Amino acid sequence: AAPGLGRTMDAPGFENGKFNESKFVEWLAAESDAVSTLRSARRAVKSQVRRRSLAFGMAKNGEWTQEEAEAEAHKASATISCLNAETAAAAEALEGMTSRRW
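Quick caveat: nothing in here was measured; it's all calculated off a predicted structure.

Caption draft 1: Quick peek at the overall build of the chain. Secondary structure summary: the chain contains 2 helices and 2 strands in total. Secondary structure of the chain in N-to-C order comes out as β-β-α-α. For the chain, restricting intrachain contacts to residue pairs at least 6 apart in sequence, the fraction spanning at least 24 positions comes to 61%. Of the roughly 7100 Å² of accessible surface on the chain, a fraction of 54% belongs to carbon and sulfur atoms.

Encoded structure:
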C-alpha cells in the first residue's frame, strides 16, 4: 500500500490488486446517487412536516374543516413514511459503499 493510504487495495476501484478506473467511476456515481437521494428525501420530509402543520393551521383559522385538515395531515404522514423507507434504503446502501473507503 502507498504511504498514508492504509489498505489501498481494498479501496473502491481495485480488483485483484489493480486499479480499475471504470469500477471506481461506477462506485463514485452510485455513492453520489445515494447521497443525493438522502438529501432530497430529507428536504421532502421537511416539506411534508410543514404541509401537515399548515393543514392544522388552516383548520384553526377556519379556512378548512377539522376533517379536511386531518385528511391532509394523513396524506403528509403517509408520504413521510414512504420517504423514511427511501432514506433508510439509501443510508444502508451508502453505508455499504463507504465501508470500502481507503
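Text resumes after the structure shown.
Caption draft 2: View of the confidence of the model for the chain. On average, residues of the chain score 84 in pLDDT, and 84% of them are at 70 or above. Mean pLDDT in the chain bottoms out at strand 1 (residues 14-15), which sits at 79, and peaks at helix 1 (residues 21-60), which reaches 91. Confidence drops under a pLDDT of 50 for residues 1-6, and excluding neighbours within four residues, the segment shows 4 contacts in the predicted structure.

Caption draft 3: A look at the environment of Gly-57. Looking at where Gly-57 falls in the secondary structure, it is placed in helix 1. Sequence-wise, Gly-57 and Ala-69 are 12 residues apart; in three dimensions their C-alpha atoms are separated by 8.4 Å.

Caption draft 4: Highlighting the packing of aromatic side chains. Evaluation of the coordinates by the stated rule reveals 3 aromatic pairs. Members of the aromatic cluster, connected to one another through ring pairs, are Phe-14, Phe-19, Phe-24 and Trp-27.

Caption draft 5: Molecular detail of the nonpolar core. With 5 residues, the main nonpolar core is built from Phe-24, Trp-27, Ala-34, Leu-94 and Met-97. Counting only elements with at least two residues in this core, the list comes to helix 1 and helix 2 (66-98). Top contributing element to this core by residue count: helix 1, with 3 residues. Those residues within four positions of Ala-34 in sequence are excluded, and the remaining contacts are Ala-90, Leu-94 and Met-97.

Caption draft 6: Focus on the pattern of salt bridges. This structure, assessed with the given rule, holds 2 salt bridges. For the salt bridge of Arg-51 with Glu-72, the shortest nitrogen-to-oxygen distance reads 2.6 Å. With a gap of 21 residues between them, Arg-51 in helix 1 and Glu-72 in helix 2 connect regions that are remote in the sequence. According to the relative accessible area criterion, Glu-72 is buried, its value standing at 18%. Among the ionic contacts, a cluster of salt bridges with common partners joins Arg-51, Glu-72 and Lys-75.

Caption draft 7: How the structure looks around a positive patch on the surface. On the surface, a cluster of positive charge is made up of Arg-39, Arg-42, Arg-43, Lys-46 and Arg-50. Here Arg-50 lies in helix 1.

The rules we used
Residues numbered from 1 in each chain as written. Predicted model: local features only at pLDDT ≥ 70, side-chain atom pairs only at ≥ 80, totals over all residues. Heavy atoms only, no water. Helix = DSSP H or I, 4+ residues; strand = E, 2+ residues; numbered from the N terminus. Contact = heavy atoms within 4.5 Å. Areas by Shrake-Rupley, 256 points an atom, 1.4 Å probe, with all protein chains shown as cover. pLDDT = per-residue confidence, 0-100. Phe/Tyr/Trp six-rings, centres within 6.5 Å; stacked < 30°, edge-to-face > 60°. Core = buried A, V, L, I, M, F, W, Y, C linked by side-chain atoms within 4.5 Å. Buried < 20%, exposed > 50% of the residue type's maximum accessible area, 1.4 Å probe, protein only. Salt bridge = Lys/Arg side-chain N within 4 Å of Asp/Glu carboxyl O. Patch = residues over 30% accessible without salt bridge, like charges linked within 9 Å, V, L, I, M, F, W, Y side chains within 5 Å. Lys, Arg positive; Asp, Glu negative; His and termini not counted. Charge placed at Lys NZ, Arg CZ, Asp CG, Glu CD.

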